[in-house]
Amino acid sequence: EELDPAAQRTRMYLGDLYLKMQNPERALGYYDSALKSGSQSDDVYARKAAVPVGLKRIDEALAALDSAISVTQYRPERFWLKKAEILRGIPRPEEARKAYEKARSINADLREAWRGEAAVCRKLRDVKGWWTALSAYVELVPTDASARRELSEVWWRSGPASSGKK
């Protein structure tokens, strides 16, 4: 059944309402209904992705984000970033790093991607990647004192501290 755009939006908003009422299964039903009715809206996919994350159905959330990435015409890096954050949290750091890199390849000024990638590199003990990502982040956000401290920590670990000199 093909619905007019207003009906598709209504189903999406009903999904939002049920989600706020803490009825995620019903929300998913309305999001699916909006998608089946002809809407390939990246907003619907993004909203649908948020529901399974809360239900710990990560693969379903990742599939919804992949769908959003494939249909979006506007700022796909936001979906890559969300995917990276989910992958980082479950944890699948190598996959998260690739998703952060993809987000940055679309928008090099995406500070959240640089910061997330720095955290992933730290977890993976990749000092060079950590340094690169954190340096880029600090260049974009020079007022972030905690990132500047972390950057000097990286320098001391990989510079004089690693050779035993202080």
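See the structure above.
Described in the following lines is the structure provided in the data block.

### Comments concerning unusual backbone geometry
- Non-glycine residue Gln22 carries a positive phi angle of around 65 degrees.
- Relative to the helices and strands, Gln22 is located in the loop between helix H1 (5–20) and helix H2 (24–36).
- Exposure remark for Gln22: the relative accessible area of 70% places this residue in the exposed category.

### A look at helix H3 (residues 42–54)
- For H3, which comprises 13 residues, the first-to-last C-alpha distance of 19 Å matches the rise-based estimate of 18 Å (1.5 Å per residue) to within 8%.
- Burial in H3 covers these residues: Asp42, Val44, Tyr45, Lys48, Ala49, Val51 and Pro52.
- One or two residues past the end of H3 sits Lys56, with phi positive at roughly 65 degrees.

### Notes on the packing of aromatic side chains
- Enumeration over the complete set of coordinates arrives at one aromatic pair.
- If you follow Arg104 out to its NZ or CZ, it ends over the ring of Trp114, 3.9 Å from the centre.

### Looking at the nonpolar core
- Tyr31, Val44, Ile86, Tyr100 and Ala113 are the most contacted members of the largest nonpolar core, which totals 31 residues.
- Secondary structure elements with two or more residues in this core: H1, H2, H3, helix H4 (58–71), helix H5 (77–89), helix H6 (93–106) and helix H7 (111–123).
- Here this core takes seven residues from H4, the largest share from any one element.
- If you look at the next biggest cluster of nonpolar residues, it comprises 12 residues, including Trp114, Trp130, Val138 and Val141.

### Looking at the pattern of salt bridges
- This structure, assessed with the given rule, holds 16 salt bridges.
- The partner of Glu25 in a salt bridge is Arg57, and the shortest N-O contact between them spans 2.7 Å. One end of the pair, Glu25, is in helix H2; the other, Arg57, is in the loop between H3 and H4, and 32 residues separate them in sequence.
- Ionic pairing is found between Asp32 and Lys48, a salt bridge with its closest N-O pair at 2.7 Å. One end of the pair, Asp32, is in helix H2; the other, Lys48, is in helix H3, with 16 residues separating them in the sequence.
- By relative accessible area, Lys48 is classed as buried at 16%.
- Residues joined by salt bridges that share partners form a network here, namely Arg97, Glu101, Arg104, Glu117 and Asp126.

### Examining H2
- A rise of 1.5 Å per residue sets the reference length of H2, with its 13 residues, at 18 Å; its end C-alpha atoms lie 18 Å apart and thus fit the reference within 8%.
- Taken together, the buried positions of H2 are occupied by Ala27, Leu28, Tyr31, Ser33, Ala34 and Leu35.

### Things to note about the packing of H3 against H5
- As a packed pair, H3 and H5 sit with axes 12 Å apart at the nearest point and diverge in direction by 10 degrees. Judged by the angle between their axes, H3 and H5 are roughly parallel. Here Asp42, Asp43, Ala46 and Val53 of H3 come into contact with H5, specifically with Arg78, Phe79 and Ile86.
- Residues that form the contact of H3 with H5 fall into these classes: four nonpolar, no polar and three charged.

### A closer look at the packing of H4 against H5
- At their nearest, the axes of H4 and H5 sit 9 Å apart, and the two run at 165 degrees to each other. Classified by the angle their axes make, H4 and H5 are roughly antiparallel. Crossing handedness for the pair H4 and H5: left-handed. Where H4 approaches H5, its residues Ile58, Ala61, Leu62, Leu65, Asp66, Ala68 and Ile69 are matched on the opposing element by Phe79, Trp80, Lys82, Lys83, Ile86 and Leu87.
- When its residues are assigned to classes, the contact of H4 with H5 shows 10 nonpolar, no polar and three charged.

What counts, and where the lines are drawn
Throughout this document, residue positions are counted from 1 along each chain, in the order its sequence is written. At least 70 in pLDDT is required for a residue's local features to be given in this predicted model, at least 80 for side-chain atom pairs to be given and counted, and no such filter applies to totals for whole chains, interfaces and linings, which use all residues. Only heavy atoms go into the side-chain values, all of them from the structure, while hydrogens and water stay out. Helix numbering and strand numbering both begin at the N terminus, where a helix is a DSSP run of H or I of at least 4 residues and a strand a DSSP run of E of at least 2. Only protein chains enter the accessibility calculation, which uses a 1.4 Å probe; a residue is then buried when its area is under 20% of its type maximum, exposed when over 50%, and partly exposed in between. In a helix, the anticipated span is given by 1.5 Å times the number of residues less one. Pairing of aromatic rings covers Phe, Tyr and Trp, the last counted by its six-membered ring, and requires centre-to-centre distances within 6.5 Å; plane angles under 30 degrees mean stacked, over 60 mean edge-to-face, and any other angle means tilted. When the NZ atom of lysine or the CZ atom of arginine is within 6 Å of a ring's centre and also within 35 degrees of its normal, the charge is said to sit over that ring. To form a nonpolar core, buried Ala, Val, Leu, Ile, Met, Phe, Trp, Tyr and Cys residues must be joined to one another through side-chain atoms within 4.5 Å. Just to be clear on terms, a salt bridge is a Lys or Arg side-chain nitrogen sitting within 4 Å of an Asp or Glu carboxyl oxygen. Every axis corresponds to a line fitted to the C-alpha atoms, with the helix fit spanning only the stretch in contact, and the corresponding angles, defined between N-to-C directions, vary from 0 to 180 degrees. Small angles under 35 degrees read as roughly parallel and large ones over 145 as roughly antiparallel, with 65 to 115 read as roughly perpendicular and the rest as oblique. The contact criterion used is simple: two residues touch if any of their non-hydrogen atoms lie within 4.5 Å. Any residue outside Ala, Val, Leu, Ile, Met, Phe, Trp, Tyr, Cys, Pro, Asp, Glu, Lys and Arg is labelled polar, Gly included; the first ten of those are nonpolar and the last four are charged. When the near helix sits turned anticlockwise from the far one by under a right angle, the crossing is termed left-handed; a clockwise turn instead gives a right-handed crossing.

Keep in mind that these numbers describe shape and distance, not what the molecule does.
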